[in-house]
Amino acid sequence: IWIITSFFIMSFYSSRYNLSNILNSTGTIIPLFVFALLLLNHLLFETKLKNKIKKERFNRIPPQVISFVFVIILGMLYLTITGGPSAVFDKFGDITQPIIQPINNRFGVTVAENRQPYFGEWASSFGPYLGNFPISFWLMFFGSILLFYMMTEKFFNRKERMMTTLSYFVFLIAIIFSRYSPNSVFNGTNASSILFYLLGCLIFLITFGYYYYNHYKKGDIENFGKIDYGLVLLFALFFLSIISARGSVRTIMVLVPSASIIISYFAVNSFTSAQKEKRDFWKIVKWIIAIIVIFLTIFAAYGFYNSIIPQAQSYVPGIYNQQWQKAMAWVRDNTQESAVFGHWWDYGYWLQSIGKRATVLDGGNSQGYWNHMMGRYSLTGTDNYQSLEFLYAHNTTHFLIDSTDIGKYGAFSSIGSDVNYDRASFIPTFYRDPNQVQEKKNSTVSVYTGGVGVDEDIIYETNGTRIFLPKGRAGLGAILIEKNVEGKIVKAPEGIFVYEGKQYSIPFKFAYADRKLHEFSEGIDAGIFIYPRAFQSGGNIQIDSEGSSFYLSKRTVNSQLARLYLYQEKNENFKLVHSEDDFLIAQIKSQNQNYTSDFIDYAGFRGPIRIWEIKYPANIKFDEKYLDTNYPEELLKT
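Residues numbered from 1 in each chain as written. Predicted model: local features only at pLDDT ≥ 70, side-chain atom pairs only at ≥ 80, totals over all residues. Heavy atoms only, no water.

Caption draft 1: Representation of the overall build of the chain. A tally of helices and strands in the chain yields 22 helices and 20 strands. For the C-alpha atoms alone, the extent of the chain along its principal axes is close to 95 × 65 × 55 Å. Counting across all 638 residues of the chain, residues that qualify as buried make up 43%. With an accessible surface of roughly 34,400 Å², the chain has 59% of that area assigned to carbon and sulfur atoms. Here the chain contributes 59 positive and 52 negative side-chain charges, whose respective centroids are spaced 10 Å apart. (Helix = DSSP H or I, 4+ residues; strand = E, 2+ residues; numbered from the N terminus. Buried < 20%, exposed > 50% of the residue type's maximum accessible area, 1.4 Å probe, protein only. Areas by Shrake-Rupley, 256 points an atom, 1.4 Å probe, with all protein chains shown as cover. Lys, Arg positive; Asp, Glu negative; His and termini not counted. Charge placed at Lys NZ, Arg CZ, Asp CG, Glu CD.)

Following this line, the structure appears as structure tokens:
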């Protein structure tokens, strides 16, 4: 009933799920397989049909195994008939891929929460730490081993329980530690990692299957019916959760319910086991273990409580959300109901639900290729007309950029790149170091420190010397900015690049300072964007009006995001109609009329939500290529 109802609702209410998609989707194969397995097992062994089966041929094989094999064969036949011989291998890959590397395309990996975690991220999520000991993680780890041992109590003898539990221990180690760290032999993706992962699974399956089959041959399989199904349900939830958690950072949270129950089970079972123990020596040992487990459980709970309370208080109400509430109030009151907004996909649902306006993109990402085009043409692109063509094809009336798009530049520039990642870049921050200020006769040189790798090869010639800085091997370590006594930039800013232990000083052609973009005659096609920085000093917030600087490489310095949002470049096609200040900046402006910047660095970059009304040129034409929904495979998989 659940399967039929679910499939009917999906096919009736969504064009994404027709009957063909449902029957051939990897996501729906699992419930269909389970249903087919139960149905076939019922028909073969629980109806009159079982009398027609020659039992002597199968009496050595458990009926569940026979049903399983039959369903596999029928499934392979179905896939071969409907999709050809390759369909079987494709589906096998679709099922196994999420277990090893769930996200394997540029669209997925650019989302930070989709990144596969290493052990350090598991540990930090399941703290708190006691020294180098992540308490909750190890309580969960050993608690699950105890759970498995107790779950098998009804149908395995002591030796069998020890062996199967040992195999489960190996299995658990293989799942978690086969992806230990990016620089270890077990980095999660190399051959040794995958082999270790699969070996752990095989050891567990073979060990458990061996003892199960022995009991089946002896005819005492009925003991399996005495299992505590509450423990089975908990263990199944934990197993699925731990596989999910290995897949991505965001799904670590899926482990919380089962891990919490398992840790509590560990503490309670340790206490009751110590109470029931009659032997003096083991009674002492078990009480020591129980006291340690209970103490660590309480300590972990108290640690989580102390860390969560201030987080919750800072989220309600959220200052960032207040800024969006005000911006969306302006949208509701000042734009037509038929307005369509273009922006990066993260804010789509906010525009739709709070602003009550349609959007080109949203968090559903039903048309992933449009994300590529938004990133390529409207955010990282340098061709104004091409950006307008894309937006025009989607009937876009307004364009929006949020301050967090600066930090997301790496994501949408990667998604918006070609097969060679021609747009992939980032916007790093450098901070002025007051201890390195150099005073000259008529000027002052400020040093901005930081560190970032170059996003493409840099070639620069000066005084007959050719400087070559290769991508991925050279880096920018500092930026020098010289100003006269009036505070004006007197020469092109210089970047201090490092390659193979040597420093190279190379000027930049562009610098945004004093609310103006300066262009110099020399240097590479890169620049800086200077803006204020706030910091705590003596209980008060102090502001350095030029304390922060973005480094803008050749790939970012002329991007539409930089030109519209940072430089506030005048553009006849994009008319700025609203700018909603960040909460802190609004407060500073209300208290200090001399503060004119819309940006500040305080616990990260802060800036306004800016909205432009789009004015299309008279000669613009509709181009249907911008409505294409087929994400080119060569782009998606690179």
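Caption draft 2: Structural view of the pairing of strand β20 (residues 609-614). Taken across its six residues, β20 has five buried, putting it largely inside the fold. Where strand β5 (residues 398-401) and β20 come together, four bridges link them in antiparallel fashion. Bridge pairing in β20 places H398 opposite E613. With six bridges connecting them, strand β17 (residues 574-580) and β20 associate as antiparallel partners. The residue bridging L576 from the neighbouring strand is W612, located in β20. (Pairing = 2+ DSSP bridges.)

Caption draft 3: Inspection of the side chain of Q323 at higher detail. Structurally, the position occupied by Q323 is in helix α15 (residues 319-334). Taking relative accessible area as the criterion, Q323 reaches 3% and is therefore assigned buried. There is a polar contact of 2.9 Å between the side chain of Q323 and the backbone oxygen of E580. The residues contacting Q323, other than those within four sequence positions of it, are E580, D581, D582, G607, P608 and I609. (Polar contact = N/O pair within 3.5 Å; in protein donor to acceptor, adjacent residues only side chain to side chain. Contact = heavy atoms within 4.5 Å.)

Caption draft 4: Broad picture of a nonpolar patch on the surface. Taken together, I61, V65, F68, V69, I72, I73, L74, M76, L77 and I81 make up a surface patch of nonpolar side chains, about 890 Å² in accessible area. When you line up the elements, M76 lands in helix α5 (residues 63-83). For M76, a relative accessible area of 41% translates into the label partly exposed. (Patch = residues over 30% accessible without salt bridge, like charges linked within 9 Å, V, L, I, M, F, W, Y side chains within 5 Å. Salt bridge = Lys/Arg side-chain N within 4 Å of Asp/Glu carboxyl O.)

Caption draft 5: Spatial organisation of the sheet that holds strand β3 (residues 340-342). Read from one edge to the other, the open sheet built from five strands follows the order β4-β3-β5-β20-β17, with strand pairing classed as mixed. Edge strands, defined here as strands with exactly one partner in the open sheet, are β4 (358-359) and β17. Where β3 lies against β4, two bridges are found, and the strand directions are parallel. Of the residues in β4, the one forming a bridge with V340 is A358.

Caption draft 6: Layout of the nonpolar core. Membership of the largest hydrophobic core comes to 57 residues, with the highest contact counts inside it found for W344, M374, F399, L400, F529, F550 and L566. Take this core: its biggest share by element is six residues, from helix α17 (residues 368-379). Sequence-distant contacts of W344, defined by excluding residues within four places in its chain, comprise L361, N371, M374, G375, L379, D405, K408, F412 and I415. Judged by nonpolar contacts, the second largest core, of 44 residues, contains I145, L147, F238 and L255. (Core = buried A, V, L, I, M, F, W, Y, C linked by side-chain atoms within 4.5 Å.)

Caption draft 7: The arrangement of the pattern of salt bridges in detail. Scanning the model with the defined rule gives 19 salt bridges in all. Across the pair R555 and E456 runs a salt bridge, and its minimum N-O distance is 3.1 Å. Here R555, found in the loop between β16 (540-552) and α20 (560-566), pairs with E456, found in the loop between β8 (443-453) and β9 (458-462); they are 99 residues apart in sequence, far enough to count as distant. Judged by relative accessible area, which is 14%, R555 ranks as buried. With a closest N to O distance of 3.4 Å, R606 and D582 form a salt bridge. Of this pair, R606 sits in strand β19 (residues 605-606) while D582 sits in the loop between β17 and α21 (583-591), and the two are 24 residues apart along the sequence. It is possible to trace a salt-bridge network through shared partners that takes in R432, K483, D514, D544 and E546.

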